[in-house]
Amino acid sequence: MVTRTVDLRSDTVTKPTEAMRAAMASAEVDDDVLGYDPTAQRLEAEIAKIMGKEAGLFVPSGTMGNLISVLTHCPIRGSEIILGDYSHIHIYENGGISTIGGVHPRTIKNNDDGTMDLDQIEAAIRDPRFEICFPTTRLICLENSHAHSGGRCLSAEYTDKVGELAKKHGLKLHIDGARIFNASAALGVPPSRLVQAADSVSVCLSKGLGAPVGSVIVGSKTFIDRARIMRKTLGGGMRQLGVLCAAALVGLQEHVGKLEGDHKKAKTLAEGLNKISGLEVDMATVETNIVFCDILKEANTTEMELCKRLAEHGVLVLPEGPKRIRFVIHHQISDTDVQYALSRVQHAVAGVCVAGVANGSGDH
Ligand code: TLP
């Protein structure tokens, strides 16, 4: 019987802390659709300042933050955007930019480190002389850290180069910065520097910062004014929003400084997983709080089976693709939890290996 569960499915699974709940209970609030909630204004200004942009806007989720940003940059249906084939916007957001905004995605291969080749980006920009046939390219999207490459970070220099390319062709640059604070902690570079070249950034509050709800998008004052209208159009205008923003303000104060520690724990976890026969982690990919773990042939199991088995052993993780599972560290995971999880994983995997040998399927 499992007596304890370590939840490593995502950094979105954190529960609001006592300090957050207290701040939510005492938050000063007003109607934010009318533009009067003081706590929302405080949080938006704070995130905008940290990101080095003029203004910010609280939105209900990272998905809506990306959607509003793309639609605000691409007000004309049939606009095209260039983005990674493994970007969150392209894979995990229900194709909202197309279904809701009529925006056409032009994907470029995401390299193992989350980048896209600059020459491929440039080659994908449509020639306006053929506008009669082509959609018009208006936007390039990056993701930092890049979730589907295991949380790897884009450098400020790389982002600058993409920004220069965008400028040269009259395009805008949006960054899905769901985990930009993780990238900043891992690279030792302020978030404002990492997003300097961007026209807009979507920053999640419900991941590394541990807030229960929301994201803030940042950009120029004009961009945010238009984004605010788009938020209302999509039904994302909220009234006494300060109760949510108060929790995020606590997260900003208390959890940003813990991200480096989260990354250390991710490395310890990855090293431990590497010692378990049947599992393999490419240590070069472990830059932040996400660990992708490959299931080797000798483990004789699939990602779905292993996730189920790990859950039975008290470790919650998610499948990340064929023969791969994902572990994510967050501020509510302690060093002891990491060690406990490793011992449970060891047990679970040993169980499947033994079962495989016993039923003669171990050498498949
Ligand atoms: N990612 C979630 C899942 O959707 C996979 C997770 O557990 O990692 N951008 C990036 C890079 C993200 O990883 C996510 C969430 C989002 C945007 C969307 O944020 P929400 O869930 O707030 O809509």
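Residues numbered from 1 in each chain as written. Predicted model: local features only at pLDDT ≥ 70, side-chain atom pairs only at ≥ 80, totals over all residues. Heavy atoms only, no water.

J.: What exactly am I supposed to notice about the overall build of the protein here?
T.: Counting its regular elements, the protein contains 14 helices and 13 strands. Overall, the C-alpha framework of the protein stretches about 65 × 55 × 35 Å when taken along its three principal axes. Looking at the protein as a whole, 54% of its 364 residues qualify as buried. In the form shown here, the protein has an accessible surface area of approximately 16,000 Å², with 53% of it arising from carbon and sulfur atoms. Once the 39 positive and 44 negative side-chain charges of the protein are each reduced to a mean point, those two points are 2 Å apart. (Helix = DSSP H or I, 4+ residues; strand = E, 2+ residues; numbered from the N terminus. Buried < 20%, exposed > 50% of the residue type's maximum accessible area, 1.4 Å probe, protein only. Areas by Shrake-Rupley, 256 points an atom, 1.4 Å probe, with all protein chains shown as cover. Lys, Arg positive; Asp, Glu negative; His and termini not counted. Charge placed at Lys NZ, Arg CZ, Asp CG, Glu CD.)

J.: Explanation requested: the pairing of strand β6 (residues 172-177) in the structure shown.
T.: Of all 6 residues that make up β6, 5 are buried, and the element is covered over most of its length. Here 5 bridges tie strand β5 (residues 136-143) to β6, and the two strands are oriented parallel to one another. Along β6, the bridge assignment pairs Cys-141 with His-174. Taking the sense of rotation as the criterion, the β-α-β connection linking β5, helix α7 (residues 156-168) and β6 turns out right-handed. As judged from the 4 bridges shared by β6 and strand β7 (residues 200-204), these two strands associate in the parallel manner. Residue pairing for β7: His-174 is matched across the bridge by Ser-200. (Pairing = 2+ DSSP bridges. Right-handed = clockwise from strand over helix to strand, strands pointing away.)

J.: Is there a simple way to think about the site of the ligand in this case?
T.: As a matter of local geometry, the ligand sits amid 14 residues, with Ser-10, Gly-62, Thr-63, Asp-176 and Arg-179 nearest to it. Between the ligand and Ser-10, the relevant distance is 2.7 Å, taken from an oxygen atom to a side-chain nitrogen or oxygen of the residue. Contact with the protein chains removes 81% of the 510 Å² of surface that the ligand exposes when unbound. Broken down by class, the residue content of the shell around the ligand amounts to 2 nonpolar, 6 polar and 6 charged. (Near = heavy atom within 4 Å. Polar contact = N/O pair within 3.5 Å; in protein donor to acceptor, adjacent residues only side chain to side chain. Nonpolar A, V, L, I, M, F, W, Y, C, P; charged D, E, K, R; others polar.)

J.: I tried to follow the pattern of salt bridges on my own but got confused; where do I start?
T.: Counted by the stated rule, this structure contains 14 salt bridges. Arg-193 is the salt-bridge partner of Asp-160, the closest N and O atoms lying 2.5 Å from each other. Of this pair, Asp-160 sits in helix α7 while Arg-193 sits in helix α9 (residues 191-194), placing them 33 residues apart in sequence. Looking at Arg-193, the relative accessible area reads 25%, which means it is partly exposed. Residues participating in the shared-partner salt-bridge network are Glu-80, Arg-106 and Arg-126. (Salt bridge = Lys/Arg side-chain N within 4 Å of Asp/Glu carboxyl O.)

J.: Honestly, the sheet that holds β7 in this entry has me stumped. Any pointers?
T.: Here 7 strands make up an open sheet; going across it, the order is β2-β8-β7-β6-β5-β3-β4 and the pairing mixed. Every other strand in the sheet has two partners, leaving β2 (55-59) and β4 (104-108) as the edge strands with one partner each. Sheet twist, expressed as the average angle between the axes of neighbouring strands with direction ignored, equals 25°. (Axes fitted to C-alpha atoms, helices over the stretch in contact; angles between N-to-C directions.)

J.: Explain the domain arrangement of the protein here, please?
T.: When the parts of a complex come together, some accessible area is lost, and that lost area is often taken as the interface size. Domains assigned within the protein are domain 1 (18-254) and domain 2 (258-358). If you look at the interface, domain 1 gives 18 residues, while domain 2 gives 13 residues. Both sides together, the interface formed by domain 1 and domain 2 hides about 1,300 Å², and carbon and sulfur atoms give 51% of it. Among the residues domain 1 hides against domain 2, the three largest losses belong to Gly-150, Arg-152 and Asn-182. Together they make up 34% of the total. (Domains from an automatic or database assignment. Contact = heavy atoms within 4.5 Å. Buried area = accessible area lost by both parts, 1.4 Å probe.)

J.: Explanation requested: the sheet that holds strand β10 (residues 290-295) in the structure shown.
T.: Neighbouring strands of a sheet are bound in pairs by backbone hydrogen bonds; such pairs are parallel or else antiparallel. Spatially, 4 strands are ordered β9-β10-β13-β12 in an open sheet, and the strand pairing comes out antiparallel. Edge positions in the sheet fall to β9 (279-280) and β12 (318-321), since each has one partner strand and no second. Running over the sheet, helix α12 (residues 259-274) touches β9, β10 and β13 (324-328) and is turned about 10° from β10.

J.: Help me out: how do you make sense of the nonpolar core in this one?
T.: Note that soluble globular proteins tend to have their nonpolar side chains buried in a common cluster. Of all hydrophobic cores here, the largest spans 45 residues; its most connected members are Leu-43, Ile-47, Phe-58 and Leu-205. Those residues within four positions of Phe-58 in sequence are excluded, and the remaining contacts are Leu-43, Glu-44, Leu-205, Val-213, Gly-214, Ser-215, Val-216, Arg-231, Met-238, Leu-241, Leu-244 and Cys-245. Within the second largest apolar cluster, 30 residues are counted, among which are Leu-269, Leu-279, Cys-293 and Val-317. (Core = buried A, V, L, I, M, F, W, Y, C linked by side-chain atoms within 4.5 Å.)

J.: Teacher, can you tell me more about a nonpolar patch on the surface here?
T.: Residues Tyr-86, Ile-91 and Tyr-92 make up a contiguous nonpolar surface patch of about 290 Å² in total accessible area. By secondary structure assignment, the location of Ile-91 is in helix α4 (residues 88-91). (Patch = residues over 30% accessible without salt bridge, like charges linked within 9 Å, V, L, I, M, F, W, Y side chains within 5 Å.)

J.: So what exactly am I meant to see when it comes to the packing of helix α2 (residues 38-51) against helix α11 (residues 242-255) here?
T.: Packed helix pairs are specified by the crossing angle of their axes together with the interaxial distance, meaning the distance between the axes. As a packed pair, α2 and α11 sit with axes 8 Å apart at the nearest point and diverge in direction by 35°. As for the relative orientation of α2 and α11, their crossing is left-handed in sense. Within the contact between the two elements, α2 uses Thr-39, Ala-40, Arg-42, Leu-43, Glu-46, Ile-47 and Ile-50 and α11 uses Gly-242, Cys-245, Ala-246, Ala-248, Leu-249 and Leu-252. When its residues are assigned to classes, the contact of α2 with α11 shows 9 nonpolar, 2 polar and 2 charged. (Left-handed = near helix turned anticlockwise from the far one by under 90°.)

J.: Whenever I open this one, unusual backbone geometry confuses me. Can you help?
T.: Most peptide bonds take the trans configuration, and most residues that are not glycine carry a negative phi. The omega torsion of the bond from Asn-144 to Ser-145 falls at -5°, within 30 degrees of zero and hence cis. Even without being glycine, Asn-300 reaches a positive phi, approximately 55°. For Asn-300, the position within the fold is in the loop between β10 and α13 (303-312). Phi at Lys-323 takes a positive value of approximately 60°, unusual for a residue other than glycine. Positionally, Lys-323 belongs in the loop between β12 and β13.

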